[in-house]
Amino acid sequence: MRQYRNLKKGILMTTVFSLWAGSLLSLSGCGNEKDAGSYAEEETKKAEGESQGEEKAMGRYLESDLNLPKECDMADSIEFLEDGILRICYKNSDYQAMYADSRDNGETWGESVSIPALLGLDPETVTVDLVKPAKDGGIFARAYSEEKPDEPSSRHYYIDPEGNAREMNLEALGEGFYIWDCEFTGKQTILIRTITEIAEVSLKDDHIETKYEEGGGTQYMGLVDHYLLAVADGGIHYYDIDTGKPIEDETAFTKLFAANEQNLSRNTTSSYTSLFLAGDEKDSLFFVDKRGIYRYAFGGSIAEQIADGNLNSLNSPDTALLDMVKDSQGRFYLLISDYSSGRTARILRYEYSEEVAAVPDTELTVYSLKESRFMRQAAAIFQKKYPDIYLNLETGMTGEDAVTTTDALKTLNTEIMAGKGPDVLILDGIPEETYVEKGLLADLSGILSKVQETDGILENILDSYKKEDGNIYSMPVKFAIPVMAGHQEDIEKVTDLASLADLVEAHQDEYKLENGRPVRMPMNQVCSPELLLTDLADVSAGAWLKEDGTLDVEALTQYLAQANRMYQPTREMMEEALGEDQIYYFYDQQEMKYGINATDVLDGQCIVGLGRIYSSDEIANLYSTERYDDSIHVKLWNGQEENCFIPIQTIGISAKAREKDAAEKFVEFLFSQEGQGIGASNGIPVNKAVFHNADYWKKGEEDEILWVSSHSYNDGSSQEQTFECRQQTEAYTEQFLAMAESLEKPSKENEFILSAVRDAGTRYLKGECSLDEAVKAAVQEVNLYLSE
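The structure reproduced in this document is the subject of the present report.

Conventions used here
Residues numbered from 1 in each chain as written. Predicted model: local features only at pLDDT ≥ 70, side-chain atom pairs only at ≥ 80, totals over all residues. Heavy atoms only, no water. Pairing = 2+ DSSP bridges. Helix = DSSP H or I, 4+ residues; strand = E, 2+ residues; numbered from the N terminus. Axes fitted to C-alpha atoms, helices over the stretch in contact; angles between N-to-C directions. Patch = residues over 30% accessible without salt bridge, like charges linked within 9 Å, V, L, I, M, F, W, Y side chains within 5 Å. Areas by Shrake-Rupley, 256 points an atom, 1.4 Å probe, with all protein chains shown as cover. Salt bridge = Lys/Arg side-chain N within 4 Å of Asp/Glu carboxyl O. Lys, Arg positive; Asp, Glu negative; His and termini not counted. Charge placed at Lys NZ, Arg CZ, Asp CG, Glu CD. Buried < 20%, exposed > 50% of the residue type's maximum accessible area, 1.4 Å probe, protein only. Core = buried A, V, L, I, M, F, W, Y, C linked by side-chain atoms within 4.5 Å. Contact = heavy atoms within 4.5 Å. Phe/Tyr/Trp six-rings, centres within 6.5 Å; stacked < 30°, edge-to-face > 60°. Lys NZ or Arg CZ within 6 Å of the ring centre and 35° of its normal.

Turning our eyes to something else, we now look at the sheet that holds strand β24 (residues 332–338). Across the sheet, which stays open at both edges, the 4 strands sit in the order β2-β25-β24-β23 with antiparallel pairing between neighbours. Two strands lie at the open edges of the sheet, namely β2 (58–66) and β23 (319–326), each paired on one side alone. This sheet shows a mean twist of 30° between the axes of neighbouring strands, independent of strand direction. Note: β23 against β24, 7 bridges, orientation antiparallel. Among the inter-strand pairings, Thr319 is bridged to a residue of β24, identified as Asp338.

Written out as structure tokens, the structure is:
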């Protein structure tokens, strides 16, 4: 009996999708959106069962990482050949297509083989992609050359199991066809999906034997044995490729599949949201998406979840699916792109273990006001490291309902006071000082002292959160540096909010539109009043608050007055150019605000660039910009407050945490070298060992081109210019590390207060009310909130 069969009687978390039940149980998010069959329910059942003397349910699939060929950078596909060899097709750092074989299930790899060499092509002039291996050892590949415009845009090749290569004649697919993906059928044919159809093509003579989905509209396809699954029209169309005929809809499976809306469309050509794999028995399949791995028997009424995506990397926002195979021992191998490290390839193996509990013994609840990509990244890695802990991420404002900041905070406060609140809180946007004053947060100094002893923590960040008694109740996991970029003669004049407004007004005769788009403006933030008021608050919000927590009317009046001076010179211009789309410039950067991008100054579109340094990416952009124009400089951006850093993922442990040990373990993990390395683009690490590690800031060798873009300079010539972003020197990085260590205090952003100020301020900037009326409205709303 195969291992997953034991799940029927062993794994409590298995979710059954049943027709006769009349509804589907949905599993999504990283533990925060389980509408049914939730962890809490399973824990209750488990506790009741154990109290009655029943055995604790054991056994679940565990995830592990496999080695990759040494040269592997980006991957295409994997396959188990008929003789048990595992083959991976990939691209090396020079973007050359290669393959390598493993005889020990991915533990080690043999020598890499150049696919262009097998095809007799020069890899210096030809790019090979869409490489797909067959079980019998055959390979399909596409090649194209930009150096020979007179030739067809792409050529297609088949390498047979004996290594004989030939170019395929696929003209019957139509003029200018483009292949999105392909699948070997195992009967000397290959299924090819183009924009207009799915064609089954003979590998012997390139004859089209059958066509499916003519007319187009198919998002992607899967092949399991003789069943073709074409994802289209908000569901799946099923075909039997032995007969070439459509078959009845597998309603139970289609409902499971469509319950995750992301499965219904393919938004990228380089990865998938779901994958299909032939099952263990005739007329069955395995299926994977972010929710987990499932098994389904054709003609059945249920689909079993055999691995929960909430307990591994499947639910990570950085996991992009590429391919999936299974070995003879029932282990699954998932090829993915890891976007946390720039689409780096990984092979994840899922192996059943009877040594771990079917459901983790401990549930740790982590709350954030807004969705946190970083925290989902961290959750996936933490749960892999600690399989006995289930991490339940709760979000107060999902953006999918009408819940306001006030609603979310009231609900959170009520649950905390009732002893039902989360164990760990992400305090970004939450009034942490109020929580400290009311004794709702536990002291973190003991946890942080462990990290301080082993790796060190940046003293300026740590000290700014230390209370007079030495206790630390909150601490940012990462932070950002607010900076401005511009020509030296401009930015040297800017020291605060008022002098920034002076600079904007000094250039107001230059602002203009061409062909309905802004070609000269002060800075990107003036695209909408909401965006401007939100961004300026990063270096000003702390000045609005008095010691008693109420708003300082004079400081707030000055804030709105200076913001208005910046907005008015281009108000009519931006309203004309963007219209109702203005608001999208605000919503577009809600999870993470703009990083600094000095190219807008370089091409003349903006007078000044305002933004944040989160990572090496922004430093490389600044370094490369200065290479093009050495009159462009960078300096710390000050507003109504000076020398601020922007805290990111500020974390605290509830004083009423039910799982205190697990909470402490999670917080310690976040500040460890491993935790600080997660999401390198999401903020600067506070762990000293990581912060001062030169390799952390490197994406390549010094001056190596990292990426290239094209843009037009606003000099009247409309000439396209190429911008090469290069790896900065170590000395250039060091100046920003020194800047980071000089910062003195955190930017204090209370989401509720910011929302009140932004709403009232937007009306003022749009001319819908006076300055005094806007200030009064904001103060009244905040005072009402504080009184409650």
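This is not the end of the story, as more comes after the structure.
For the rest of this paragraph, the subject is a negative patch on the surface. On the surface, Asp695, Glu701, Glu702, Glu704, Glu730, Glu734 and Glu741 cluster together to form a negatively charged patch. Among the secondary structure elements, Glu730 is positioned in helix α21 (residues 730–742). For Glu730, a relative accessible area of 40% corresponds to the partly exposed category.

Moving on, we come to the sheet that holds strand β8 (residues 139–144). Strands sit in the order β7-β8-β9-β10 across an open sheet of 4 strands; the sheet is antiparallel. Unpaired on one side and paired on the other, β7 (127–133) and β10 (165–167) mark the two borders of the sheet. Ignoring which end each strand starts from, the neighbouring axes of this sheet average 25° apart. Here strand β9 (residues 155–159) pairs with β10 via 3 bridges, running antiparallel. Residue pairing for β10: Ile159 is matched across the bridge by Ala165.

A separate point is the nonpolar core. Side chains of nonpolar character tend, in soluble globular proteins, to be buried together. Of all hydrophobic cores here, the largest spans 68 residues; its most connected members are Leu536, Trp544, Leu556, Tyr559, Leu560 and Met566. Considering every element that reaches this core, the biggest residue donor is helix α22 (residues 751–765), with 8 residues. Those residues in contact with Leu556, other than ones at most four positions away along the chain, are Trp544, Leu551, Val757, Val775, Ala778 and Val779. Ranked by size, the runner-up nonpolar core spans 60 residues in total, among them Ile481, Val667, Trp697 and Tyr732.

Right, let's get into the packing of aromatic side chains. The tally for this structure, following the rule as stated, stands at 30 aromatic pairs. Centre to centre, the rings of Phe257 and Phe276 are 5.8 Å apart; their planes meet at 25°, and the pair counts as stacked. In this pair, Phe257 sits in helix α4 (residues 251–258) while Phe276 sits in strand β19 (residues 275–278), placing the two residues 19 residues apart along the sequence. You can call Phe257 buried: its relative accessible area is 0%. Using a relative accessible area of 11% as the deciding quantity, one classes Phe276 as buried. Note on Phe479 and Phe645: the rings are 5.9 Å apart at their centroids and 75° apart in plane angle, and the pair reads as edge-to-face. Taken together, the residues Phe479 in strand β29 (residues 475–487) and Phe645 in strand β34 (residues 644–653) connect sequence positions 166 residues apart. With respect to class, Phe479 is no different from Phe645; both count as buried. Over the aromatic face of Tyr99 sits the side chain of Arg87, whose NZ or CZ is 4.1 Å from the ring centroid. Of note, Lys91 hangs over the ring of Tyr95, and the distance from its end group to the ring centre comes to 5.1 Å.

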